[in-house]
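# Descriptive structure summary
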Amino acid sequence: MKDIGARRSAGMAGPLLFILLMLVSGLSVCYRLPVWVRYAVDVILIAWAAAAFLIRPQRKRLGFCLTLAAVCLIPFLFAWLWSLGVWVIRLEEPAYIARGSRNTLYMLVNALFVGAVFYLFGRRGAAYVLCGMALANGAMLAQAVAKEGVLTLAREYATLLLTWTGQTGTAIARLELHDIVFAWGAFVIYGLVSGKGRRGRERWGTLTAAFFFVLSLKRIAVAGVILACVAAVIWRRISGQRCFLWVMAVAGTAAALAWVDLVRSGALAQIAALLHINMMGRESTYAMYDAVYEFSPLYMGRGIRFVYEYGLLNGVSSSMHSVYVEQFIALGFIGMAIWMLTMMIPLFFVSGRYGGRAAAFLVAVTVYLLVTYVTDNTLFHYPVNTVIWLLTMNECAEGGRVHGDCDDPYADI
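Please read these numbers as outputs of a predicted model, since none were measured by experiment.

### What to know about the overall build of the protein chain
When you go through the protein chain residue by residue, the secondary structure sums to 19 helices and zero strands. Among the 413 residues that make up the protein chain, the fraction classed as buried is 53%. Pairs at least 24 apart in sequence give 79% of the contacts found in the protein chain among residues at least 6 apart. In the structure as shown, the protein chain presents an accessible area of about 18500 Å², 67% of it carried by carbon and sulfur atoms.

This is how it looks when you write it as structure tokens:
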């Protein structure tokens, strides 16, 4: 089997077209093009893969891609099904339910896009995505340099490095591309955890990702990368890996609920004030939603996307800056606890089917995501989710080759 999107007869036309599409998508992620553009790119790739399948079907590879895409979607589908029950009980109007279902539909399209990329380009697809993202992020850097000047940019970045939480200026603000920086963090983790960042062309990919990651310097993302690498090291050195996953599931669920309790009770704001930690207005945003939920096992939630709708209707911030708080409001105590546990299903699946080595990256990036969920809204972020899913397919393909399963679709990828 040859990669349809990169077969020799087509030369580099397929990969170059894909990189160009990822540049366009990246500019949408950087808010230089409308949001719908990135989903239009998704649809183009899905149609491309469908056409390739009709011309030369590769059923085993298609099954590989769709299976992993479906497994990664499980937490999102559970949240939607729980919300659907909440909406029905609360007698919400069909238009409200349709709006609430929108994010889940976007994630479904994203998952199909990732499957299409891997179907067309195999493990090379991640490198092409990285190239497109780098071109888009590089364009933003060039724009910042042109408008602010190299010296201004360097001075503000030095201030950021020295003070960590200090005020900078418009030059650094132009580089605060929060959506894309978390995806760079996933690439950095992949290079460090998989070991591929130490050889050949993949080394340059890791260095490129590290450059743009450090350039944006999102504090919670830095902490997430460090803890992700620690988790990967522990994962590889212990013998009871399935027990580790259960501990991770229970501890993660308890920590998430504890964080919500700290926020809802006001204790977090008090601790931050005592330690002189700048929460950048998050405490005010949290307080705006105190009236719509309570921290209790009896609270069953308001449905996903409630925070966004409530913010628009009441003229308050519709960005909660904490996935845990937003999901608690949406799913309630029990729903959020189950949702946290569903995040472990892909880990159990990958470790069981493709081995501990393939699961090491997924363990690491799951920890990374759980850390970012504390202070950011990365749950439905387009770049970080698509990159993580695509790199997970890479590791599973490698795991399949290690197991010597020559009849499987990833044997020649």
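### A few points about the pattern of salt bridges
Summed over the entire model, instances satisfying the criterion amount to six salt bridges. Across the pair D290 and R264 runs a salt bridge whose closest N-O atoms are separated by 4.0 Å. Of this pair, D290 sits in the loop between α14 (282-288) and α15 (306-314) while R264 sits in helix α12 (residues 241-265), and the two are 26 residues apart along the sequence. Classification of D290 as partly exposed rests on a relative accessible area of 25%. Close ionic contact of E309 with R305 constitutes a salt bridge, the shortest N to O distance being 3.9 Å. For E309, a relative accessible area of 9% corresponds to the buried category. The network of salt bridges with common partners includes R99, R305 and E309.

### As for the nonpolar core
Counting residues in each nonpolar core, the largest one holds 130 residues, and the members touching the most others are W184, Y293, I329 and W339. Top element by residues in this core is helix α18 (residues 356-372). It accounts for 13 residues. Dropping the residues within four chain positions of it, Y293 is found in contact with V260, V263, R264, Y299, V325, F328 and I329.

### Some points on the side chain of S25
Summarising the element assignment, S25 is placed in helix α1 (residues 13-29). A residue is classified by how much of its surface remains accessible, and S25, at 1% relative accessible area, is buried. Look past the residues within four positions of S25 in its chain and what remains in contact with it is R38, V41 and Y382.

Cut-offs used in this document
Residues numbered from 1 in each chain as written. Predicted model: local features only at pLDDT ≥ 70, side-chain atom pairs only at ≥ 80, totals over all residues. Heavy atoms only, no water. Helix = DSSP H or I, 4+ residues; strand = E, 2+ residues; numbered from the N terminus. Buried < 20%, exposed > 50% of the residue type's maximum accessible area, 1.4 Å probe, protein only. Contact = heavy atoms within 4.5 Å. Areas by Shrake-Rupley, 256 points an atom, 1.4 Å probe, with all protein chains shown as cover. Salt bridge = Lys/Arg side-chain N within 4 Å of Asp/Glu carboxyl O. Core = buried A, V, L, I, M, F, W, Y, C linked by side-chain atoms within 4.5 Å.

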